[in-house]
Amino acid sequence: MDRISKAKSVLWIILGIAGAVGITRFIFGLGVTTNLTDNTPWGFWIGFDVMGGVALAAGGFVIAAINYIFGNERMHPISRAAILTAFLGYIAVAVGLLFDLGLPWNIWHMMVFWNPHSPLFEVGWCVMLYLSILFLEFAPVILEKWPERKLLAKIHAMLEKVKIPIVIVGIMLSTLHQSSLGSLFLAMPFKLHPIWYTPILPVIFFVSAICLGLTMVMVEGLATSYLYKKEEHPYVLNTLRKSAIVMLLIYAALRFGDIFYRGADKLLFTGTASILFWLEISFTLIIPLIIFSTKGINKKVSWMFVGAFSGVFGIVMNRLNVGGIAHVNNIAESATFYLPSFTEITISAGVVSGAVLIFFYFIENFNVWEEKPVDGTLEVKSIPKFSSNKVYLGSTKVTNRIKFSFFFVIAFGVTFASISGSTIENKGIEEVKVTKARGGDTLIIDGNRDGFAVTFKHEFHKSKNIECGSCHHMNKPGDKSTGCYECHSGMYSEGDGFKHDWHSSSAGAGQSCFKCHDQNVSKGKGFIKSIKKAKDLCLECHEDMFVKNSNIDKYETFKTASYADAMHGLCVNCHEETLKTDSTLKRLKPNLANCSNCHKDDYELKVKQMRGKKLMNKSVILP
Amino acid sequence: MKAILTDVTKCIGCAACVTACKETNNLDKGKPREWQKSDGLSSDNWTSVLRKNDTYIRKQCRHCLEPACESVCPVGALHRTESGAVVYDEDKCLGCRYCMMACPYGIPRYEWDSPVPYIRKCIMCHDNIAAGIIDQPACTNICPTQATIYGNRDDLIKEAKRRIKSDPKYLDHIYGETEVGGTNVIYITSKDEKLDFLTYYTNRLGDPEKKYGYPDITQSIPETTKIAMKSVPPAFLGMGAIMTGAYWIVQRRMKIEKANKDANKVNNDKNNEVGNG
Ligand code: SF4
Ligand code: SF4
Ligand code: SF4
């Protein structure tokens, strides 16, 4: 395989993978397929596809200006390719945007519902108009292919006549939206990091777009010459290099002048943001400027490619930084620090691959360059011989077609097959099971921590209409404005008896206090009654509170840590009632808080009994 | 203009407002997903109660007097009503999420898990109030301690000032009175718990205002893009003028050059002819 068809095979494979991944984006929505969050709603698709893409396509207007306005005819060899790149670039932007928008089928709303205050509205309109302009600029290349068709020839002639006005309008529109992409972020003074946030952001965006346009045209020229084994134009390359140096220096002066003027230079060496900044600056300015201006290597094609590519990378990185990565909220919340997901990168790569393939198509079939590349392999050199171990698929052209579609289909199929819908759908959901109430049927409570315990039967107490909430949660009665936590400072730490925090937090069960507590009653004396509501409420979720045939077969220590005391207080409260009616107890006046003082035997007896009856697997033992 | 005053010192953190809001606005129970911020707001939670030491702070849309979300939405899906509530029209939205990026308080949330996602945020119960179903937002209505109350903005600011004067425990600042051009949801708090979550700026960078070229904290967000948006027509026309001018000059020069060349050529030819002759 020669270079170009190798490149094409890779692009077709990427396109196949992206196609399969792209489908998941529309089936499952943005949340599970991207790393976008409520904290960073804009990510790679906006930063790279849209902002990077628009800037990458800036080559179109820059070269058009040099060529047509400033009359540098010698740049002509690349002007068509630059305009084609811009045209395809903007289409890629639009396609990328369709993936990013939540409701892409509503994109036409921008034409109907107007909000001229919005920078995005302006960008949208400019891009739409400019896309049409680019189409007009490029149309002659397509039309001239059929000079014998009268109508087409007429249109061609007309377009040639209005060429200069079209180019000028194109430049005007480009100026606007290249800079307005920067204005988008003026609305985020509290989010965009101060190294990047500046009132002259639109100007910076415009200048860097020109830099990017120049370096991108270099990259594209060098890459296609390499792939099609074509000679570079040394004059063109040199002009681009020189203009790039000038523009990069202007950009550097603007960037650093602005940073120092605002006093943001104090932040240049602190924190994550500064690392991002210096990476960006090295790629954008340091590497290309060194390579472009060092004698000796600045004539070498490979070095030029490195320099130009580094410049492209740096400015795209700038767009990504401004677009979301260098936002204060993103940097501060390290837990959700945004980096693009596999899906996002794949789809962007797919969009770019598609654009590049179309670019190749035009290069091979239209006069984008002065002459079409001659691909030696496309010619049938000799009549193919049939051999037993080689299948003849047709001429090289046909073979290539078959090969590429094969690659596409296989890549698509394999990717599609390996995507698991349920995994994607459940991404980011913690399994929140309703925890089993761990009390079991019978609890053995060592209230006064003397090694002897009394048994406590859940079932029995339930039958006496005593509510779960009586023991498992309390509040300070008769108090309206004190936060529950003021007494129950342990409420938000995890207690074994009842995880209050989990029940109330929105990341857990998400219940309000008054799901269980009656807010009216909690004002007055009826407080204890108020949590009677809780009985049914607990059981709503904890259906298996009263373990019927559970298989707890281990002895475990379930100590009721933070609520132990509260619960013992409650035992006393209830048993006091019995005390009043039971004549023996009335006489003995026992210390109810120390149940096991008297009920020592209880422990031995009950536990033995339960063991004997093999009931212990239904109970929880507290040693 | 209607507003909500939340007195942080009175909130007991019962989250009744959260549940009431969910009920009134038919919000889903929701599951904790990884794209949610730690502040409890999500497309299913339009208000949340944050705990900070021993204080609870309710978070919701501030209903700015000059909302950033309204000014940046390219299709005008968000707009401020006469009552002061900032509401959302999902039929217009195209899901660009610019509003989420631009809101200084980070309020609008997205239905990330849906293939047809919409923006969600507190709308001050505007629909229900306008329809006469309720006469005040569900959250203020249910609050057991009147920590959050509803009323005319002027009255509430007066009330807030009265409270600050009457009790030394209060911090002498009404959050939302002037921030980002003023908001309809205002807060007062005690001296021990200054609120910093109100803006990312003071919160995250911890630097005094007006440094590094940041705009004033009281400047409204629409103001920040105004200059850039205003210079759009002049920039557009200016660029056109420059390009046309440049083209004209360059062409003229080329013509002159060409004429010179032609003249030279003619001369040369003549000379040659003369020479030949
Ligand atoms: S707080 Fe944010 S979402 Fe609410 S009105 Fe202001 S800008 Fe809009
Ligand atoms: S996401 Fe919708 S509401 Fe928000 S700015 Fe974009 S179009 Fe407007
Ligand atoms: S005002 Fe209405 S929508 Fe907003 S938080 Fe309160 S209940 Fe929810």
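Residues numbered from 1 in each chain as written. Chains lettered and ligands numbered in written order. Predicted model: local features only at pLDDT ≥ 70, side-chain atom pairs only at ≥ 80, totals over all residues. Heavy atoms only, no water.

Engineer: What's the story with the overall build of chain A in this structure? I'm lost.
Structural biologist: Along chain A, the regular secondary structure elements total 27 helices and three strands. Put simply, chain A has 623 residues, and 52% of those count as buried. Considering only contacts within chain A whose residues lie at least 6 apart along the sequence, 73% involve residues at least 24 apart. A total accessible area of about 29,600 Å² is found for chain A, and carbon and sulfur atoms account for 64% of it. (Helix = DSSP H or I, 4+ residues; strand = E, 2+ residues; numbered from the N terminus. Buried < 20%, exposed > 50% of the residue type's maximum accessible area, 1.4 Å probe, protein only. Contact = heavy atoms within 4.5 Å. Areas by Shrake-Rupley, 256 points an atom, 1.4 Å probe, with all protein chains shown as cover.)

Engineer: When you look at the overall build of chain B in this model, what are you seeing that I'm missing?
Structural biologist: Along the backbone of chain B there are nine helices and nine strands. Taking all 277 residues of chain B together, 54% fall into the buried category. A separation threshold of at least 6 residues defines the contact pool for chain B, and within that pool the share at least 24 residues apart is 59%.

Engineer: Would you explain the site of ligand 2 in this entry?
Structural biologist: Inspection of the region around ligand 2 gives 14 residues, with Cys73(B), Cys93(B), Cys96(B), Arg97(B) and Cys99(B) positioned closest. Per-class residue counts for the shell around ligand 2 are 12 nonpolar, one polar and one charged. (Near = heavy atom within 4 Å. Nonpolar A, V, L, I, M, F, W, Y, C, P; charged D, E, K, R; others polar.)

Engineer: Is there a simple way to think about the nonpolar core in this case?
Structural biologist: Taken as a class, soluble globular proteins show a tendency for nonpolar side chains to be buried jointly. With 193 residues, the main nonpolar core has Phe185(A), Trp196(A), Leu240(A), Val368(A) and Tyr98(B) as its most contacted residues. Considering each element in turn, this core owes the most residues, 16 residues, to helix H10 (residues 201-227) of chain A. In contact with Trp196(A), not counting residues within four places along its chain, are Leu201(A), Arg255(A), Ala273(A), Leu276(A), Phe277(A), Glu280(A), Asn318(A), Asn321(A), Val322(A) and Ala326(A). Membership of the second largest hydrophobic core comes to 11 residues, among which are Ala3(B), Leu5(B), Ala160(B) and Ile188(B). (Core = buried A, V, L, I, M, F, W, Y, C linked by side-chain atoms within 4.5 Å.)

Engineer: I'm lost on the pairing of strand E2 (residues 48-52) of chain B in this one. Help?
Structural biologist: Residues and elements named next belong to chain B. Looking at chain direction, E2 and strand E3 (residues 55-59) are connected through five bridges and run antiparallel. Opposite Val 49, over in E3, you have Arg 58 as the bridge partner. In textbook terms, the turn of a hairpin is the stretch between consecutive antiparallel strands, and for E2 and E3 this stretch comprises two residues, one of which, Asn 53, has a positive phi near 50°. (Pairing = 2+ DSSP bridges.)

Engineer: Just to check I follow, could you spell out the interface of chain A and chain B for this structure?
Structural biologist: Frequently, the measure chosen for interface size is the accessible area that the parts lose on association. Contact with chain A, which involves 89 residues of that partner, is made by 84 residues of chain B. A combined buried area of about 7,400 Å² lies between chain A and chain B, and 66% of that area is made up of carbon and sulfur atoms. Counting across the chain A and chain B interface gives one salt bridge. A salt bridge links Asp100(A) to Arg97(B); the shortest N-O distance between them is 2.9 Å. At eight residues, helix H9 (residues 163-183) of chain A tops the list of elements feeding residues into the side of chain A that touches chain B. Residue composition of the side of chain A that touches chain B, grouped by class: 52 nonpolar, 27 polar and 10 charged. (Buried area = accessible area lost by both parts, 1.4 Å probe. Salt bridge = Lys/Arg side-chain N within 4 Å of Asp/Glu carboxyl O.)

Engineer: Got a minute to help me understand helix H11 (residues 234-262) of chain A in this structure?
Structural biologist: For an α-helix the count is 3.6 residues per turn, leaving residues at separations of three or four pointing the same way. With 29 residues, H11(A) extends 42 Å between its outermost C-alpha atoms, agreeing within 8% with the 42 Å of an ideal straight helix rising 1.5 Å per residue. Looking one or two residues past H11(A), Gly263(A) carries a phi angle of roughly 85°, positive in sign. (Expected span 1.5 Å × (residues − 1).)

Engineer: Before we go on, may I ask you to explain the site of ligand 3 in this structure?
Structural biologist: By nearness alone, 13 residues border ligand 3, and Cys21(B), Cys122(B), Met124(B), Cys125(B) and Cys139(B) come closest of all. A class-by-class count of the residues in the shell around ligand 3 yields nine nonpolar, three polar and one charged.

Engineer: Where do I start with the side chain of Ser310(A) in this structure?
Structural biologist: Residues and elements named next belong to chain A. Structurally, Ser 310 is set in helix H13 (residues 301-325). Here Ser 310 falls in the buried class, since its relative accessible area comes to 6%. Each residue touching Ser 310, except ones within four places of it in the same chain, is listed here: Ser 282, Phe 283, Thr 284, Ile 287 and Pro 288.

Engineer: Help me understand the pattern of salt bridges, please; the structure alone is not making it clear to me.
Structural biologist: Oppositely charged side chains can form a pair if their charged atoms are brought close together. Enumeration over the complete set of coordinates arrives at 12 salt bridges over all chains. Residue Glu160(A) pairs with Lys163(A) through a salt bridge whose shortest N-O separation is 3.6 Å. For the salt bridge of Glu223(B) with Lys226(B), the shortest nitrogen-to-oxygen distance reads 3.7 Å. Within this pair, Glu223(B) and its partner Lys226(B) are both found in helix H8 (residues 221-230), separated by three residues, close to a single helical turn. Look at Glu223(B) and you get partly exposed, because its relative accessible area is 32%. A single salt-bridge network, built from bridges that share partners, covers Asp7(B), Glu159(B), Arg162(B) and Arg163(B).

Engineer: Hey, could you run me through the packing of helix H5 (residues 76-100) of chain A against helix H15 (residues 342-365) of chain A in this one?
Structural biologist: Each pair of packed helices can be summarised by the angle the axes make with each other and by the distance between the axes. Residues and elements named next belong to chain A. Interaxial distance between H5 and H15 falls to 9 Å at its minimum, and their mutual angle equals 150°. Between H5 and H15, the angle falls in the class roughly antiparallel. For the element pair H5 and H15, the recorded crossing hand is right-handed. Taking contact as the criterion, the partners of Ala 81, Leu 84, Thr 85, Leu 88, Ala 92, Val 95, Gly 96 and Phe 99 in H5 are, on H15, Ile 347, Val 351, Ala 355, Ile 358, Phe 359 and Phe 362. (Axes fitted to C-alpha atoms, helices over the stretch in contact; angles between N-to-C directions. Parallel < 35°, antiparallel > 145°, perpendicular 65-115°, else oblique. Left-handed = near helix turned anticlockwise from the far one by under 90°.)

Engineer: Hey, could you run me through the confidence of the model for chain B in this one?
Structural biologist: Any region with low pLDDT has predicted coordinates that should not be read closely. Summing up the model confidence of chain B, the mean pLDDT is 82 and the portion of residues at 70 or higher is 86%. The ipTM assigned to the predicted complex is 0.84, against a pTM of 0.77. (pLDDT = per-residue confidence, 0-100.)

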